[in-house]
Amino acid sequence: MADPYIGKTLSNSRFTIDDTSLTDYFTGLNLDADPNGHIPAMVATGVDNAYFAEIAFPYQIGHLWMRQEWELRQPLQPNYAYHVSGEITDIYDKRDRQVVKYRVDLSNDDEELVIRTYHHQSFLRERISGESVELRDPTKKPGARKFVVPDGKRFGGLETTITKGMCGIFFHGNANYHTDDDAAKELGFQRVVVGGRMTMAYAGTVLESYFGDEWATSGKLDLKFTNPCWCDDLVTVHGVELAEQSSRNRRQAFLWMQKPDESIVYVAEASVAV
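Worth saying up front: this structure is predicted, and the values here are computed from it rather than measured.

What counts and how
Residues numbered from 1 in each chain as written. Predicted model: local features only at pLDDT ≥ 70, side-chain atom pairs only at ≥ 80, totals over all residues. Heavy atoms only, no water. 1 Å grid on protein atoms, 1.4 Å probe; cavity = no way out; pocket = protein on both sides within 12 Å on 5 of 7 lines; lining within 4 Å. Points joined across faces, edges and corners; volume = space filled by probe spheres on them. Helix = DSSP H or I, 4+ residues; strand = E, 2+ residues; numbered from the N terminus. Nonpolar A, V, L, I, M, F, W, Y, C, P; charged D, E, K, R; others polar. Phe/Tyr/Trp six-rings, centres within 6.5 Å; stacked < 30°, edge-to-face > 60°. Lys NZ or Arg CZ within 6 Å of the ring centre and 35° of its normal. Buried < 20%, exposed > 50% of the residue type's maximum accessible area, 1.4 Å probe, protein only. Pairing = 2+ DSSP bridges. Salt bridge = Lys/Arg side-chain N within 4 Å of Asp/Glu carboxyl O.

**Quick notes on empty space enclosed by the protein**
Right, so step 1: Across all of its chains, the model carries one cavity of 30 Å³ or more by this definition.
Right, so step 2: The space that makes up the largest cavity amounts to roughly 50 Å³.
Right, so step 3: If you go around the largest cavity, the residues you meet are Ala44, Val47, Asp48, Trp70, Val104, Leu106, Ile115 and Thr117.
Right, so step 4: Only helix H2 (45-49), strand E4 (97-107) and strand E5 (113-124) provide two or more residues apiece to the lining of the largest cavity.
Right, so step 5: Across the lining of the largest cavity, the residue classes break down as six nonpolar, one polar and one charged.

**A few points about the packing of aromatic side chains**
Right, so step 1: Counting across every chain of the model gives twelve aromatic pairs.
Right, so step 2: A centroid spacing of 5.9 Å and a plane angle of 35° characterise the contact between phenylalanine 52 and phenylalanine 123, whose relative ring orientation is tilted. Of this pair, phenylalanine 52 sits in helix H3 (residues 52-55) while phenylalanine 123 sits in strand E5, and the two are 71 residues apart along the sequence.
Right, so step 3: Members of the aromatic cluster, connected to one another through ring pairs, are Tyr25, Phe26, Phe170 and Phe171.
Right, so step 4: Across the ring face of tyrosine 118, the terminal group of lysine 101 is positioned such that the distance to the ring centre comes to 5.0 Å.

**Re the pairing of E5**
Right, so step 1: Burial within E5 is extensive, with ten of its twelve residues counted as buried.
Right, so step 2: In the sheet, strand E2 (residues 64-72) pairs with E5 via eight bridges, with the strands oriented antiparallel. Paired with tryptophan 70 across the bridge in E5 is threonine 117.
Right, so step 3: The sheet contact formed by E4 and E5 spans eleven bridges and is antiparallel. Bridging across to E5, leucine 106 finds its partner in isoleucine 115.
Right, so step 4: Remark: five residues form the turn of the hairpin made by E4 and E5, two consecutive strands paired antiparallel; glutamate 111 in that turn has positive phi of roughly 65°.

**A look at the pattern of salt bridges**
Right, so step 1: According to the stated counting rule, one finds eleven salt bridges in the structure shown.
Right, so step 2: The partner of arginine 116 in a salt bridge is aspartate 105, with the nearest N and O atoms 2.7 Å apart. Of this pair, arginine 116 sits in strand E5 while aspartate 105 is found in strand E4, placing the two residues eleven residues apart along the sequence.
Right, so step 3: Judged by relative accessible area, which is 25%, arginine 116 ranks as partly exposed.
Right, so step 4: Residue aspartate 105 is classed as buried on the basis of its relative accessible area, which comes to 8%.
Right, so step 5: A salt bridge links glutamate 241 to arginine 251, with the nearest nitrogen and oxygen atoms 2.9 Å apart. With glutamate 241 in strand E8 (residues 233-241) and arginine 251 in strand E9 (residues 250-258), this pair connects stretches of sequence that are ten residues apart.
Right, so step 6: Assessed through its relative accessible area of 13%, glutamate 241 is described here as buried.
Right, so step 7: Linked by salt bridges that have partners in common, Arg67, Glu69, Lys101 and Asp222 make up one network.

This is how it looks when you write it as structure tokens:
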């Protein structure tokens, strides 16, 4: 496998949201489907994940999501075959990791952009010396609860315990390090790592609930992962609308996912058009 490089054009494909993918999404997250048939934008997280083989470094022990940037333009439609294209836009160092940043565009048949994402996938620069990846103590790193909750209108509060069974359903029964202990150990993790696709989906759920239709047509999200989430972790997604930072054009919000020990899974900035 060759190393990824900046400017690499990724393969074109199609992405269709069928009944099975929707059922696995809602059941895996233990969420109720919208009775009006609304499709959550985060169903599309599988699109950039499908490019892994094209953007990955050969040494993949301990690879983790670092960051996700999303720009929403149109609501998703069921049983519609969207065009998918992508490109590696940057490769940069972050502590002991190399991060591959790549853009993914989801477009309709009229070549209109529906969703654009920038995915930051991290890989260890050096091979591990033992059998498992050394992860920093979450209470002693920047991802620890050190920020001051900003002033504004509080929202969210979605709370759930993510089980291994939920992971298995969400990832369609596939055995990987997000669903299977042995697969996780092969990649240097002591146990199953809850997929970033799952934890980020809860942020999308909270934002859709709070901002309504504006989220699907004008939402922007910049989400940074700070600590892994493990199976059977109890997590809560909190949000604050930042009244002082909102402008005439955009409503701004800050979100974070927190565990009972106050370690933070991710922090995020989000906004919608007024």
